[in-house]
Amino acid sequence: STRTIIDNDGADVSRSRQLQSTEISHPNILFLVLDQWRYDWDGMHPYTATGPLPLDLPFMREAASQGVRFTQAYVPSPLCAPVRACLASGKEYDHTGVLINHADEFPTNQTTYFKQLRDIGGYHVMTCG
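The notes below deal with the structure included here. (Residues numbered from 1 in each chain as written. Predicted model: local features only at pLDDT ≥ 70, side-chain atom pairs only at ≥ 80, totals over all residues. Heavy atoms only, no water.)

1. Focus: the pattern of salt bridges
Proximity of charged atoms lets side chains of opposite charge pair with each other.
Alright, step 1. Using the criterion set out here, one finds one salt bridge in the structure.
Alright, step 2. A salt bridge links aspartate 119 to arginine 118, with the nearest nitrogen and oxygen atoms 2.5 Å apart. (Salt bridge = Lys/Arg side-chain N within 4 Å of Asp/Glu carboxyl O.)

The following block contains the structure:
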């Protein structure tokens, strides 16, 4: 089938391409966005300036050793809902409609990163939080 990726403004951001279900091969993606975690609570830092951390996260260490870690990333807001809205929509903080937690202003009919992963990339997408 032919599929075209459309961005949030309705512009075609890729050429139409033929996708055959047998041709689609993609890696698993585990994308964690954790609220109120210090940088050293990821299981990769057994000792910090304040001493040892009582964390045993073998799965996190294993996943990190085989994947990609963003060790110098920043978030657009200190609040979780606006960060997730920015991530999903690809928009700047003040253009998402979600400026605080517990706001129901995110337009669910817009194209999102997660919808594109599901509809175009063939991924099974799940979120919680």
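2. Considering the environment of asparagine 28
Alright, step 1. Along the chain, the position of asparagine 28 falls in the loop between β2 (17–18) and β3 (47–48).
Alright, step 2. Sequence separation between asparagine 28 and glycine 67 is 39 residues, and the spatial gap between their C-alpha atoms is 9.8 Å. (Helix = DSSP H or I, 4+ residues; strand = E, 2+ residues; numbered from the N terminus.)

3. A word on the side chain of glutamine 110
Alright, step 1. Here glutamine 110 lies in the loop between α2 (80–89) and α3 (113–119).
Alright, step 2. A distance of 3.1 Å separates a polar atom in the side chain of glutamine 110 from a polar atom in the side chain of lysine 91. (Polar contact = N/O pair within 3.5 Å; in protein donor to acceptor, adjacent residues only side chain to side chain.)

4. Re α2
Since one α-helical turn is 3.6 residues long, residues separated by three or four positions face the same way.
Alright, step 1. If you check which residues of α2 are buried, you get Pro82, Val83, Ala85, Cys86, Ala88 and Ser89.
Alright, step 2. Here the buried face of α2 lies against α3.
Alright, step 3. Where α2 ends, the next residue or the one after it, glycine 90, has phi of about 75°, a positive value. (Buried < 20%, exposed > 50% of the residue type's maximum accessible area, 1.4 Å probe, protein only. Contact = heavy atoms within 4.5 Å.)

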